[in-house]
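Examining the three-dimensional arrangement
Here's the letter readout for the chains.
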Amino acid sequence: MERLPGFRDFFPRPLPQKNQWEFEARLHLFAAWRRVLAVYGFKEYDGPPVEPLELFTKKSGREIVGQLYNFDDKGGRAVALRPEMTPTLARMVATHERQYKKPIKWFSIPQLFRYERQQKGRLREHFQLNADIVGEAGVEADAELIALLIDVLRALGLGSDDFVIHLSSREAWQAFFREHGGSGTDEYEFFQIVDKLERTPEETAAVKLDKIGVPLEAVRRFITEGELTSQLKIVLKNLRARGIDQFVKIDYGVIRGLAYYTGIVFEAFDRRGEFRAIAGGGRYDKLVELISDAKTDLPALGFGMGDVVLLELLRSRDLLPKGASSVDVYCLIEDEALRSDSLNLIQGLRDAGFRVDYSLVALKSNKQFCQAMDMGASFTATLVPGEQLTVRLKSLADRKEETVAVVDCVAVLKRRLAESHGD
Ligand code: HAM
């Protein structure tokens, strides 16, 4: 039975085929995400993977609504698999914000579902790091979030030759739109056209824009010559002070496809332009109010960074970890009469926290040894009969052997493993 198109299997090593998705790479990514978010003082949260359909139809905008996995559940409720995390976060915060000091700095790593046309970098499910700050209207928060995005990518080994963050301003575009006589009802339509400009044939874009009454020429001029907003100037100064302004550039070609953004917006791209956007986000000061039916009004901002493009990028730059060993000790049972004693030794080693494996059934010694090698074990341990049982430890790195008393085994292994890790 085939898996559904646009969904992934994640395999442990060795991968059954090249170009499969690797579970360990995903763990590596999540660990780096969690590490940097903790460094910035963000706390982790999660919400339900299935939400009332209305949560997303309310304010995500047509683009995401057209990609929803939605259905009626057995209770007749209209529900959807979450295509993004932001409305869920807005709902959670709107309901319980009084319990939390502001600004609220939260992150999450949800699996999201969008019924998209499958293409490079875009699937029907993906994991997405979401980092958001709620309750701070000052533009310093925008700078902090962009610095965080930069540091997340740097923590994965990517440098300023690998990625760049394009900064723009929804506000500037709103002002441009009003100056050209645009009316409120067409605004989102206009943002959508600008968002897709690069991927739309010139004539089609011109006709669409004409209908709204904005000339394509003026849009193009604004993208190249639009003046920097005072907020963007502050963000640039802030990033310069941290010494990380080489990771950003101003690009009014970015406007973001989602409906709810209100201020500074940004997208991260690989420098060579080989991949789709790595991450995207911005300020959305009205979403909490909208989702709470005006019961709560809090400014907010955040970004989402998907695992699909990022893993492809890291693989292409050879920045994913190479096969780490899965066991510390492989216990060789060369004499089946010693299986019970060996199990006792194995249990003791596992209780001490070592990763231990062994053959579940009787197996020739050389085959057991091959298994130890395949697993990348650091040591083999073999019980040796005698007046008293002893353990023969063999380092697989330098093949040195030593025989130790069973009671000393844990202590010696701890020492040897620390030495081999250079501690
Ligand atoms: P978004 O631009 O729709 O924003 O998605 C953010 C990132 O998620 C993209 O840049 C991309 O890396 C990844 N992504 C999106 N769709 C797919 C897909 N079909 N397959 C693979 N990766 C994908 C949002 O979702 C906003 N809610 C982010 C946000 C958080 N804004 C404020 N807070």
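This text follows the structure it describes.
Residues numbered from 1 in each chain as written. Predicted model: local features only at pLDDT ≥ 70, side-chain atom pairs only at ≥ 80, totals over all residues. Heavy atoms only, no water.

Once that is clear, we can look at the sheet that holds strand S6 (residues 78-81). Ordered in space as S4-S6-S5, the 3 strands form an open sheet in which the pairing is antiparallel. Edge positions in the open sheet fall to strand S4 (50-52) and strand S5 (70-72), since each of these has one partner strand only. On average, adjacent strands in this sheet sit at an angle of 35° to one another, irrespective of strand direction. Alignment of S5 against S6, held across 3 bridges, turns out to be antiparallel. Across the sheet, the residue bridging to Asn70 is Ala80, located in S6. (Pairing = 2+ DSSP bridges. Helix = DSSP H or I, 4+ residues; strand = E, 2+ residues; numbered from the N terminus. Axes fitted to C-alpha atoms, helices over the stretch in contact; angles between N-to-C directions.)

Before going further, it helps to spend a moment on the sheet that holds strand S16 (residues 356-358). If you trace the 5 strands from one edge of the open sheet to the other, you get S16-S15-S17-S18-S19, paired in mixed fashion. Either end of the sheet is taken by a strand with one partner, and the two such strands are S16 and strand S19 (401-405). Going across the sheet, the axis of each strand differs from the next one's by a mean of 30°, ignoring polarity. Strand direction decides the pairing type here: strand S17 (residues 379-384) and strand S18 (residues 390-395), joined by 6 bridges, are antiparallel. For Thr382, the partnering residue across the bridge sits in S18 and is Arg392. Relative to the sheet, helix H13 (residues 339-351) contacts strand S15 (329-332), S16, S17 and S18, its axis offset from that of S16 by approximately 160°. Contacts from helix H14 (residues 365-374) reach S15, S17 and S18 within the one sheet, and its direction differs from that of S15 by about 175°. (Contact = heavy atoms within 4.5 Å.)

All quantities given are derived from atomic positions and should not be read as evidence of function.
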